[in-house]
Amino acid sequence: MNKISKKLSLAHSFEKAHFSEIQRQERPGFHLSPAIGWLNDPNGFSFYKGEYHLFYQYNPYSTRWDAMHWGHWTSKDLLHWDYHEACFAPDEDYETGVFSGTAITDKDGSHLIMYTADYTKAPDYSTDLSGKNGIRRETQCIARGDGRQYQKYEGNPVISEKELPEEFTIEDFRDPKLWIGEDGKYYAVTVARKKKDNLGAALLFSSENAVEWQYLSTIRENDGSFGGMWECPDFFFLEGRPVLSLSVMNMKNTSPLFRNGNCTVVFVGEEAEIESEQESMVDLIENTMKTAKTQALDLGFDFYAPQTMEKDGRTIMIGWMQAPEAGGNAPEKAKWYGQMSFPRELFFQGNRLCQRPIPEIQELYKDTVDLEISCEKEEKSFAELEGKLLDLSLQISAPKHSFERKGIFQMKFAKQGEIYVLCTYDFVSGILTVDRSHAGRSASICEVRRIYVGCSEELSLRLLLDRFSFELFVNDGEQVLSGTLYELPEEAKEISFQGEGIHLQVEKHSLKEIKLGAL
């Protein structure tokens, strides 16, 4: 039996005292929310001992970010989840926060977790008014467990200043993605901030035993084209192609293919494999990342820090459905704040990395409506399509004269009177716009996103709508826009369409709530 620290025991007591105060109808229908309090990055997404494990950055004591713990869910099917007590608290001398990390099944059968220990000490202005005597130190640590209880390694940290090259700062050195290569070695990709220009970079480390690590290479550096600092790297192979995912801080919108703020970008390399005994994993990664193509993962309002896992030939991704810059905007009197995206399956269409909801969502279908609709010049609602928990697919087509008339398709969803989310597509410009400025939110947040889809007579949209969020998949997941909808009235259920001469094929599935096992 592992010894539980006072800080972790306190978190467990607080969770048990307050978890039952949140009623099921106060939570999302089919998205995950924290046991109580605050949630951000997904962590440790993995399959271990017959269960999917998903951990998360967690503050049980408040709906604001603070000293990070790790929350924990498990699932048999990626749909229905059980809550578990907090897995980690910042209870060691080298940490004031247990930051993000990943988990794998180790060679000895244990569940191996690698995470960042963040140690922050505020400046003492009584001795130095410059504030330069404050401390920020981020190091990489490991822990092992059996799927329920975990023990931090007594020799932590395992990667610190000793292994970090001199050109990087220990103040921003975090978020390890851990895996075991075909050569039996442990590999980890982290991010770090370069001293010379304060921009981010992705670093590769290796180990023979998960305890003694060495720096191998800087596999990608930010030249200023992609924001400032980078966070939450993920690295995986999909259909033989290496993919590096990074969450970019303070991105400047330089084209309609990206978005400003904090967003997630992927670097996709060409299909490759180690061809000789002389070639190594580092050679493969370095060579493919040099010429990797770049794309945004989600151009909506709220998506960050995704993690992937692979099982049965599928790569599944879950992201934090929140913009970090909106993290201080929990609704007044909220009992929880933060959601995860619905699990997405990744695949390629040509060179494009695409996403779609995992097909298991069909197990939540409880009724289906199929409609063919000829849109009119005036807006029209359809009672058959109303609902708050929906999987709604649209095949949208416009005759040639719609282009000549500068035709625009309009959909309003989550609608009640003057409350709604607006989605429009301009067939001439090829611009799709999502506007949530009328969705009833009291906070000052980003409310409009525009993306370039391309000019076409046809467009497909798939909308996952929940009580507090939406996820919109464009053209079979070539692009995705996600957003939160806190403070939306429960009665906001209408769906309406508008666009003279535009034809729709609509398939609507109402969804059952997922089952959530209590602590």
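Refer to the preceding data block for the structure.
My aim in this report is to walk through the structure given alongside it, one point at a time. Given the structure is predicted, the values throughout are model-derived calculations rather than measurements.

1. Things to note about the overall build of the chain
Within the chain, the secondary structure is distributed over three helices and 34 strands. The globule rule puts the C-alpha radius of gyration for 519 residues at 24 Å, and the 23 Å found for the chain is close to it. Each principal axis of the C-alpha distribution contributes one length, and for the chain these read about 70 × 55 × 55 Å. Put simply, the chain has 519 residues, and 58% of those count as buried. Long-range contacts, defined here as pairs at least 24 residues apart, represent 63% of the contacts in the chain between residues at least 6 apart. When the accessible surface of the chain is totalled, it reaches about 21,300 Å², and 46% of it is carbon and sulfur. Of the charged side chains in the chain, 57 are positive and 82 negative; the average position of the first set lies 3 Å away from that of the second.

2. A look at helix H1 (residues 6–18)
Count 3.6 residues to each turn of an α-helix, and residues three or four apart come out pointing the same way. Between its first and last C-alpha, H1 extends 18 Å over 13 residues, near the 18 Å set by a 1.5 Å rise per residue. Restricting attention to buried positions, one finds in H1 the residues Leu8, Ala11, His12 and Glu15. Angularly, the buried residues of H1 cover 100° about the axis, an arc narrow enough to put them on a single face. For H1, the exposed residues lying more than 90 degrees away from the buried face are Lys6 and Leu10. Turning to H1, the residues buried within the fold contact strand E2 (51–59), strand E3 (69–75) and strand E4 (81–88).

3. Considering the sheet that holds E2
For sheets, the rule is that strands pair by backbone hydrogen bonds, running either parallel or antiparallel. Taken in spatial order, the six strands of this open sheet run E19-E1-E2-E3-E4-E34, and their pairing is mixed. Where the open sheet ends on each side, the last strands, each with one partner, are strand E19 (336–337) and strand E34 (516–517). When E3 meets E4, the two strands line up antiparallel, connected through five bridges. Bridged to His72 within E4 is His84. Each of E2, E3 and E4 touches H1; the most contacted strand, E4, lies at about 150° to it.

4. Concerning the state of the cysteines
Under the defined criterion, the tally for this structure stands at zero disulfides. No disulfide involves Cys141; its sulfur sits 13 Å from that of Cys87, the nearest cysteine. Free of any disulfide, Cys375 has its nearest cysteine sulfur in Cys423, 12 Å distant.

5. Description of the pattern of salt bridges
Pairing between side chains of opposite charge can happen when the charged atoms of each approach one another. Applying the stated rule across the entire model yields 35 salt bridges. Of the charged contacts in the structure, one is a salt bridge between Glu231 and Arg174, with a shortest N-O distance of 3.0 Å. Of this pair, Glu231 sits in strand E13 (residues 230–238) while Arg174 sits in strand E9 (residues 168–180), and the two are 57 residues apart along the sequence. Among the residues examined, Glu231 registers a relative accessible area of 16% and is labelled buried.

6. Considering unusual backbone geometry
Following Asn156, the chain continues to Pro157 via a peptide bond in cis, the omega torsion being -5°. Structurally, Pro157 can be placed in the loop between strand E8 (150–152) and E9. Despite not being glycine, Lys333 has its phi angle at roughly 70°, a positive value. Here Lys333 shows up in the loop between strand E18 (314–320) and E19.

What counts, and where the lines are drawn
- Residues numbered from 1 in each chain as written.
- Predicted model: local features only at pLDDT ≥ 70, side-chain atom pairs only at ≥ 80, totals over all residues.
- Heavy atoms only, no water.
- Helix = DSSP H or I, 4+ residues; strand = E, 2+ residues; numbered from the N terminus.
- Rg over C-alpha atoms; globule rule 2.2 N^0.38 Å.
- Buried < 20%, exposed > 50% of the residue type's maximum accessible area, 1.4 Å probe, protein only.
- Contact = heavy atoms within 4.5 Å.
- Areas by Shrake-Rupley, 256 points an atom, 1.4 Å probe, with all protein chains shown as cover.
- Lys, Arg positive; Asp, Glu negative; His and termini not counted.
- Charge placed at Lys NZ, Arg CZ, Asp CG, Glu CD.
- Expected span 1.5 Å × (residues − 1).
- Arc of directions from axis to C-beta.
- Pairing = 2+ DSSP bridges.
- Axes fitted to C-alpha atoms, helices over the stretch in contact; angles between N-to-C directions.
- Disulfide = S-S within 2.5 Å.
- Salt bridge = Lys/Arg side-chain N within 4 Å of Asp/Glu carboxyl O.

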